[in-house]
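Spelled out, the chains give:
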Amino acid sequence: MHKDEIADLLEQKYHALITWLQVQDNEKWTQGPEGKWTTSQQALHLLQSIKPLNDILSMPRFFFKYAFGKNTRDLHDYDTIIKDYQKILKESKDYTFKSSKNMKVPKLKDKTYILNRLQVESKKLQYKTRRISDKNLDTLVLPHPLMGKMPIREILMWNAYHVEHHTKTLQKYY
């Protein structure tokens, strides 16, 4: 997938999420199905996923090679990334990344802040996606908590799907 297509996909997925969260009843912000995250925790989790990605993409490119190495495999397309992620999710049902474990429930007063931060961070990620070279997208890797090291292009595609996954969950159960 071309980087402009990825940036457009990120825009589409984050827009759908933020729009849905904005129109959802405020009373439901701190609610969720029994034993599952609340709406506010879902939103915070997505913010906790995108913020570190933006932070690391702001670092000098030599850092990536030094810290994580380079890509040594063929690139996966969007559909393959989704299938791999869904398979790993099924295999590791109870796994939650450390920053999202035992997450406090954000209060209603935090809703505007979280939604604004999600919007700002998504715009940053779109901008960075368009600016990074194709070579760096394909050769530099980043660690994913479940999927291991992935080329940046794949991490960006995964991020778009991750937002879609949570948006669909929210729409279905919340």
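For the structure, check the block above.
Read on for an overview of the structure. (Residues numbered from 1 in each chain as written. Predicted model: local features only at pLDDT ≥ 70, side-chain atom pairs only at ≥ 80, totals over all residues. Heavy atoms only, no water.)

## Details of the pairing of strand β1 (residues 141–144)
Then comes step 1: The pairing of β1 with strand β2 (residues 148–151) spans 4 bridges and is classified as antiparallel. Its bridge partner being in β2, His-144 is matched across the sheet by Gly-148.
Then comes step 2: Between the end of β1 and the start of β2, which pair antiparallel, lie 3 residues. (Pairing = 2+ DSSP bridges. Helix = DSSP H or I, 4+ residues; strand = E, 2+ residues; numbered from the N terminus.)

## Here we look at the side chain of His-162
Then comes step 1: Structurally, the position occupied by His-162 is in helix α7 (residues 152–173).
Then comes step 2: Classification of His-162 by relative accessible area gives buried; the value is 3%.
Then comes step 3: Residues contacting His-162, with those up to four places away along its chain left out, are His-45, Leu-46, Ser-49 and Tyr-85. (Buried < 20%, exposed > 50% of the residue type's maximum accessible area, 1.4 Å probe, protein only. Contact = heavy atoms within 4.5 Å.)

## Side note on the packing of helix α1 (residues 3–23) against helix α2 (residues 39–57)
Then comes step 1: One can describe the packing of α1 onto α2 by two numbers: an axis separation of 12 Å at closest approach and a directional angle of 150°. Here α1 lies roughly antiparallel to α2, going by the angle between them. For α1 against α2, the interelement crossing comes out left-handed. Packed against α1, whose contacting residues are Tyr-14, Leu-17, Trp-20 and Leu-21, the element α2 presents Thr-39, Ala-43, Leu-46 and Ile-50 at the interface.
Then comes step 2: Its residues assigned to classes, the contact of α1 with α2 shows 7 nonpolar, 1 polar and no charged. (Axes fitted to C-alpha atoms, helices over the stretch in contact; angles between N-to-C directions. Parallel < 35°, antiparallel > 145°, perpendicular 65-115°, else oblique. Left-handed = near helix turned anticlockwise from the far one by under 90°. Nonpolar A, V, L, I, M, F, W, Y, C, P; charged D, E, K, R; others polar.)

## Regarding the packing of aromatic side chains
Then comes step 1: In the structure shown here, the tally under the stated rule is 4 aromatic pairs.
Then comes step 2: Summarising the aromatic geometry, the rings of Phe-63 and Phe-64 are spaced 6.3 Å apart at their centres and angled 70° between planes, so their arrangement reads as edge-to-face.
Then comes step 3: Geometrically, the ring pair formed by Phe-63 and Phe-68 is edge-to-face, given 5.9 Å between the ring centres and 90° between the ring planes.
Then comes step 4: Through pairs of rings, three or more aromatic residues link up here, namely Phe-63, Phe-64 and Phe-68. (Phe/Tyr/Trp six-rings, centres within 6.5 Å; stacked < 30°, edge-to-face > 60°.)

## Side note on the environment of Asp-79
Then comes step 1: Residue position: Asp-79 is located in helix α4 (residues 78–91).
Then comes step 2: Using a relative accessible area of 46% as the deciding quantity, one classes Asp-79 as partly exposed.
Then comes step 3: Each C-alpha atom of the pair Asp-79 and Tyr-161 lies 9.8 Å from the other, and the pair is 82 residues apart in sequence.

## Comments concerning the nonpolar core
Then comes step 1: Leu-21, Leu-53, Leu-57, Leu-118, Leu-142, Ile-152 and Leu-156 are the most contacted members of the largest nonpolar core, which totals 45 residues.
Then comes step 2: Residue assignment for this core shows that the elements contributing at least two residues are α1, α2, α3 (61–68), α4, α5 (111–131), β1 and α7.
Then comes step 3: Top element by residues in this core is α7. It accounts for 9 residues.
Then comes step 4: If sequence neighbours within four positions are ignored, Leu-21 has contacts with Trp-29, Thr-39, Ala-43, Lys-111, Leu-115 and Leu-170. (Core = buried A, V, L, I, M, F, W, Y, C linked by side-chain atoms within 4.5 Å.)

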